[in-house]
Amino acid sequence: MQYKNSIQATFIERPNRFIAYCEVEGERVKVHVKNTGRCKELLVPGCTVYLEHDPNPNRKTAYFLITVQKGERLINMDSQVPNKVFYEAIQEKSVTLPGLLGDVTLLKPEKTYKNSRFDAYIETKQEKAFVEVKGVTLEDEGIVRFPDAPSERAVKHIYELIEAMEEGYRAYLIFIIQMKGVKYFTPNRVTHEAFAKAVEHAAAKGVHILAYDCKVTEESIKIGEDVKVILQP
């Protein structure tokens, strides 16, 4: 996925989940944050960030925070990106889902099943599958975790993935790690133990738990390689 008009800036502050202020060429500008997570370990005052500049008069701000520099690592923090990266990877066949028989004949975003709206619905000539995609930006010494805050909605999605699988669908929980060069992925047990237990339960039932890193630049993000998943570190 390619952004348009990416520019470098310095992060100043984030007064609420949706808005931040950054310095661009000496000017303080208002920026929309495309991630409602806490991201406190990323958005540190004085850090380098990259903004998408879109001077549309119908928008409240012309700037959108997309990527942050954390040490030597670039981390994309656009929460709308993981689904797009996954769709692109399936369409380009750079990712094939384990256990899924046949070539993909249908890829439909945001398909409703019971009380959940899963991120993707896939069909081949032989099978049907539901996919839930989670973006991961929380990293510590090369270990990446999800979530960065408790998410009952995410837990509900996992149990309904299990139900879908028990009704004959293939089921996949995929973590898109919005950075490169990590050691492994593990559920964030400290932040949300119920989520970690739900992932373990899903794996035991046969839901495929997968993780992929991404190649991130100042103006693009593309799926990279599979990353080891450790459910009980």
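Residues numbered from 1 in each chain as written. Predicted model: local features only at pLDDT ≥ 70, side-chain atom pairs only at ≥ 80, totals over all residues. Heavy atoms only, no water.

Chemist: Talk me through the sheet that holds strand β10 (residues 138-140); I want residue IDs and the actual numbers.
Modeler: If you trace the three strands from one edge of the open sheet to the other, you get β10-β11-β13, paired in mixed fashion. Lying at the two open borders of the sheet, with one neighbouring strand each, are β10 and β13 (184-187). Between one strand axis and the next, the sheet turns by 30° as a mean value, whatever way the strands run. Examined bridge by bridge, strand β11 (residues 143-146) and β13 share four bridges and lie parallel to one another. If you follow Phe 146 over to β13, its bridge partner there is Pro 187. (Pairing = 2+ DSSP bridges. Helix = DSSP H or I, 4+ residues; strand = E, 2+ residues; numbered from the N terminus. Axes fitted to C-alpha atoms, helices over the stretch in contact; angles between N-to-C directions.)

Chemist: Outline helix α3 (residues 193-205), supporting the account with residue identities and numerical values.
Modeler: Residue pairs three or four apart in sequence face the same way in an α-helix, which turns once every 3.6 residues. Over its 13 residues, α3 runs 18 Å from end to end, which matches the ideal 18 Å to within 8%, given 1.5 Å per residue. Within α3, the full set of buried residues consists of Phe 195, Ala 196, Ala 198, Val 199 and Ala 202. All buried residues of α3 project into a common sector of 160° when viewed along the axis, lining one side. Within two residues after α3, Gly 206 carries a phi angle of roughly 115°, on the positive side. (Expected span 1.5 Å × (residues − 1). Buried < 20%, exposed > 50% of the residue type's maximum accessible area, 1.4 Å probe, protein only. Arc of directions from axis to C-beta.)

Chemist: Quick one: what's the story with the pattern of salt bridges, residue by residue and with numbers?
Modeler: Counted by the stated rule, this structure contains 17 salt bridges. A salt bridge links Glu 13 to Arg 28, with the shortest nitrogen-to-oxygen separation between them at 2.5 Å. Residue Glu 13 is found in strand β1 (residues 6-13), and its partner Arg 28 is found in strand β3 (residues 27-33); the two are separated by 15 residues along the sequence. Classification of Glu 13 as partly exposed rests on a relative accessible area of 35%. The residue Glu 127 makes a salt bridge to Arg 170 at a minimum N-O spacing of 2.8 Å. Taken together, the residues span a long stretch of sequence, with Glu 127 in the loop between β8 (116-123) and β9 (128-136) and Arg 170 in strand β12 (residues 170-177) at a distance of 43 residues. Its relative accessible area of 16% is what places Glu 127 among the buried residues. (Salt bridge = Lys/Arg side-chain N within 4 Å of Asp/Glu carboxyl O.)

Chemist: Explain the packing of helix α2 (residues 152-166) against α3 residue by residue, including any values.
Modeler: Following both chains from N to C, one finds α2 and α3 inclined at 10°, their axes separated by 9 Å at the closest point. By the criterion of interaxial angle, the relationship of α2 to α3 is roughly parallel. Between α2 and α3, the residues in contact are Ala 154, Val 155, Ile 158, Tyr 159, Ile 162, Met 165 and Glu 166 and Ala 194, Phe 195, Ala 198, Val 199, His 201, Ala 202 and Lys 205, respectively. Considered class by class, the residues forming the contact of α2 with α3 number eleven nonpolar, one polar and two charged. (Parallel < 35°, antiparallel > 145°, perpendicular 65-115°, else oblique. Contact = heavy atoms within 4.5 Å. Nonpolar A, V, L, I, M, F, W, Y, C, P; charged D, E, K, R; others polar.)

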